[in-house]
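Understanding the architecture of this molecule
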Amino acid sequence: MKRRIGLGLCAIAFAAAPAAAQDTTVVERGGGVRIGITYQPGVRPGMLILGGERGTALDSARTIIARDLNYSDEFEMIALPLGDSLTLRIRPPEGDGATGSFVPFVNYALYAALGADFAVNVHREADSGVVVTLYDVQGDVVRRELRIPNLDPEARGFRLRVHRIADEIVRAVTGVPGVAATQILFINAGRIYRVDFDGHTVEGLSTPGINAMSPTWAPDGRHAVFTEFLDNGQGSLYLLDLDTGRRQVIPPTVGTLNYAPEFSPDGTTLAFTRSDGEGTDIYTYNLADECCLQRLTVGGFSDNLSPTYSPDGRRIAYVSTRPGYTQIYIMGSDGTGQELFAPFQYGVSGESHAPEWSPDGLNIAFDRYVSKVSQVFLMDVGNLVVRQLTSLGRNTDPTWAPDARHIAFVSSRTGSNQVWIIDMETGRVRQLTRLGEARLPAWSPRIAERTN
Amino acid sequence: MRHTLPISAGLFVIVIAAACGGGPPPPPPGPDPDSLAAAQAEEQQVRDSIAAEQAVRDSVQRDSQRIVAEERRVREDSLASVREETNNVRDLLARRVHFDFDRSNIGTDDAAILDEKLAVLQRNPDLRIRVTGHCDERGSDEYNLALGNRRALAAKRYLTDRGIAESRIATSSMGEERPIAMGANEGAWGQNRRDEFTIISGGGTLKMPGM
């Protein structure tokens, strides 16, 4: 199939390159950005990563970008049987070797013949440091040129800088940036860990030996909130500065058991779950003004937990045991208008947990019992249609990437609980963590470059 | 055996005293052997009386020591019995209550266990306890915190419904974070779905109900 596409594109490239523009379908993605590429559903553009000159920074950058573009699931990555065969792409202009300058010769026809719609070249220029060039093979043009000055593979933040370049390449092709410059928090053996989008740089963050749970990201990508357990069954929420490692307790959460926190999209308010002598209910606290603890639900004999904000901040989906059965509920972010959200059918709908609203607002991911095993589900917020995403092993605790198309979740499919990532458009799945066990993943927003 | 010891020790003292009397230093050369003998006899008499007195004093001392030891023993016996009673009550308190999967209602067997705790709380008005709910590893990690809390509250409600003051029972939940049995089978899960009961205060000395 892949080969046929390649040949087809090849034929277009050779025979009818000008005519191809007329066949181009305009695809609306990411809030009305118009992209003029041939992009049929289910057929991903071919992406070729060119070989070339070597060097520590170049090689790492090339490897990271290639992996990121692959993990973006936007492209059909073209693997060459001879890795460096395309180093021929650059040659000195004939008869003009005296200047010593190399003029890139971009062999569009060859790339097209290999099935590429796009090609990426990572090279070094004397003045600019590392330059990453995206070629539009179909259009015979340079689509984008990205410069990374002073790229030092040993420097802190090197990988994130390269990930951001990969995200820009995705943006240049699709109109929406990739999510390579993101990280995922999760729990391993009671400790909070952070891992990059590509599974690299696994780092323990919270104090070893203290049971931590429920990590969640602040919208600024620089802070996280999590629960730290005491042995008497109480747990407070802590605000963690991810740059300095400094953490501070959130005052109204001392002396009771508080967990499953989530920030409002504007970052001012924290919604969380509290279990105490009155049961389990959802509270909000204004972190920005350090005031106004508010109780949103009064469960009585039912429990209400795991709040998740809609991206406009106006609604909160959560879990309630009110029907005698754990289900997804919805309310206003002030606690008004509480009602069952996911339609419920006896004997069909299993117990449902851990909802998370997608960043585009269109879906809620959650896990639900099916034949006594949890699976990850999606519910379309518009028409309330529910569909099952996973079926292999036990799958729980979905968390959205900022692109609203990837979901990380916990799966037991290989025997131990690990974090996996699924792409909802292609169905591709990959394993993110390989520790003893991992749970409660939380996907970050895009992590911006620190300006300070 | 306990009684023979002081007596035989007393005799021993007398024997030693007599033995000393039997071996005096050689008398100085004197003009009158009779007066010498009389003096020796008198000396002997004095010694004997001192020894006897000593023996009596020793015996009295021993008797009083014995009485003190006896009193201490009795006191310790009663302390030990108080301690034992306290430990027995603690064992009663520590008995766990178990639950069905994803449930927090108290079953009949577990109600009997809670009735024991009810009696303990009634008999020991200063006692304050904490009930901590636990879950098996199945189900959502965060949901299990809520479920554990509900299980703790179910036990608390059972006790407060029967007259125990709310303030005497604290509750908390550890969700699935502290399993006591490992393994992905019903045997382990059943043990892990539980309430644990610990003493917060007033548990120094505990009285057994009905005693």
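See the structure above.
Residues numbered from 1 in each chain as written. Chains lettered and ligands numbered in written order. Predicted model: local features only at pLDDT ≥ 70, side-chain atom pairs only at ≥ 80, totals over all residues. Heavy atoms only, no water.

What follows covers the overall build of chain B. Counting its secondary structure elements, chain B contains five helices and four strands. For chain B, buried positions account for 36% of its 211 residues. Restricting to contacts in chain B with at least 6 residues of sequence separation, those with at least 24 account for 76%. If you sum the accessible surface of chain B, you get close to 12,100 Å²; carbon and sulfur atoms cover 56% of it. (Helix = DSSP H or I, 4+ residues; strand = E, 2+ residues; numbered from the N terminus. Buried < 20%, exposed > 50% of the residue type's maximum accessible area, 1.4 Å probe, protein only. Contact = heavy atoms within 4.5 Å. Areas by Shrake-Rupley, 256 points an atom, 1.4 Å probe, with all protein chains shown as cover.)

Take the overall build of chain A next. From N to C terminus, chain A includes five helices and 33 strands. The buried share of chain A, taken over its 452 residues, is 53%. In chain A, of all internal contacts separated by at least 6 residues, the share reaching a separation of at least 24 is 42%. Accessible surface, chain A as shown: approximately 19,500 Å² in total, 52% of it carbon and sulfur.

Glancing now at the state of the cysteines. All names here are of chain A. Inspection of every chain in the model, using the stated rule, returns one disulfide over all chains. Each disulfide pairs two cysteine sulfurs, and for cysteine 291 the partner residue is cysteine 292, the sulfurs being separated by 2.0 Å. Where cysteine 291 bonds to cysteine 292 through sulfur, the torsion about that S-S bond is close to -65 degrees, and the disulfide is left-handed. Relative accessible area serves as the criterion here: at 51%, cysteine 292 is assigned to the exposed category. (Disulfide = S-S within 2.5 Å.)

This brings us to the side chain of aspartate 195 of chain B. Residue and element names in this part refer to chain B. Within the fold, aspartate 195 resides in strand β4 (residues 194–201). One buried charged residue, aspartate 195, forms no salt bridge at all, with the nearest opposite charge on arginine 151 at 6.5 Å. Only 3.5 Å separates the side chain of aspartate 195 from the backbone nitrogen of alanine 152, close enough to count as a polar contact. Contacts of aspartate 195, omitting those with residues within four sequence positions, involve Arg96, Val97, Phe99, Val131, Thr132, Gly133, Arg151, Ala152 and Ala155. (Lys, Arg positive; Asp, Glu negative; His and termini not counted. Salt bridge = Lys/Arg side-chain N within 4 Å of Asp/Glu carboxyl O. Polar contact = N/O pair within 3.5 Å; in protein donor to acceptor, adjacent residues only side chain to side chain.)

To continue, consider the environment of serine 371 of chain A. Residues and elements named next belong to chain A. The topology assignment puts serine 371 in the loop between β26 (363–370) and β27 (373–380). What makes serine 371 exposed here is its relative accessible area of 68%. For the pair serine 371 and glycine 350, spaced 21 residues apart in the sequence, the C-alpha separation amounts to 8.3 Å.

A few words now on helix α3 (residues 108–123) of chain B. All names here are of chain B. The first and last C-alpha atoms of α3 sit 23 Å apart over 16 residues, in line with the 22 Å expected at 1.5 Å per residue. Those residues of α3 not exposed but buried are Asp110, Ala111, Ile113, Leu114, Lys117, Leu118, Val120 and Leu121. Taken down its axis, α3 places every buried residue within 170 degrees of arc, on the same side. Summarising the geometry of α3, the exposed residues directed more than 90 degrees from the buried face are Thr108 and Asp109. (Expected span 1.5 Å × (residues − 1). Arc of directions from axis to C-beta.)

Let's shift gears to empty space enclosed by the protein. Unfilled space is identified by rolling a water-sized probe across the atoms. Applying the stated criterion to the full structure yields two cavities of 30 Å³ or more. Put simply, the largest cavity is a space of about 80 Å³. If one sorts the elements of the lining of the largest cavity by residue count, helix α4 (residues 141–160) of chain B sits on top with four residues. The calculated volume of the second largest cavity comes to roughly 30 Å³. As for the second largest cavity, its lining consists of Asp68, Ser72, Ala166, Asp167, Val170, Gly178, Val179, Ala180 and Phe197 of chain A. A per-element tally of the lining of the second largest cavity places helix α5 (residues 158–174) of chain A first, with three residues. Of the residues belonging to the lining of the second largest cavity, the class tally is five nonpolar, two polar and two charged. (1 Å grid on protein atoms, 1.4 Å probe; cavity = no way out; pocket = protein on both sides within 12 Å on 5 of 7 lines; lining within 4 Å. Points joined across faces, edges and corners; volume = space filled by probe spheres on them. Nonpolar A, V, L, I, M, F, W, Y, C, P; charged D, E, K, R; others polar.)

Listed as interface residues are 23 residues of chain B and, on the opposing side, 30 residues of chain A. Taking both partners together, chain B and chain A bury about 2,100 Å²; carbon and sulfur atoms supply 49% of that area. Our count for the chain B to chain A interface comes out at three salt bridges. Across the pair arginine 150 of chain B and aspartate 303 of chain A runs a salt bridge, and its minimum N-O distance is 2.7 Å. Here chain B is connected to chain A by 11 residue pairs in polar contact (both at pLDDT 80 or more). Looking at the side of chain B that touches chain A, the elements with two or more residues in it are α4 and β3 (169–175) of chain B. Residue classes in the side of chain B that touches chain A are distributed as six nonpolar, six polar and 11 charged. (Buried area = accessible area lost by both parts, 1.4 Å probe.)

What follows deals with the sheet that holds β27 of chain A. All names here are of chain A. Spatially, four strands are ordered β25-β26-β27-β28 in an open sheet, and the strand pairing comes out antiparallel. Looking at the sheet topology across the chains shown, the edges are occupied by β25 (352–357) and β28 (386–388). Direction aside, neighbouring strands of the sheet carry axes that sit 30 degrees apart on average. Direction of pairing for β25 relative to β26: antiparallel, over a ladder of four bridges. Residue pairing across strands places glutamate 356 opposite alanine 365, the latter belonging to β26. (Pairing = 2+ DSSP bridges. Axes fitted to C-alpha atoms, helices over the stretch in contact; angles between N-to-C directions.)

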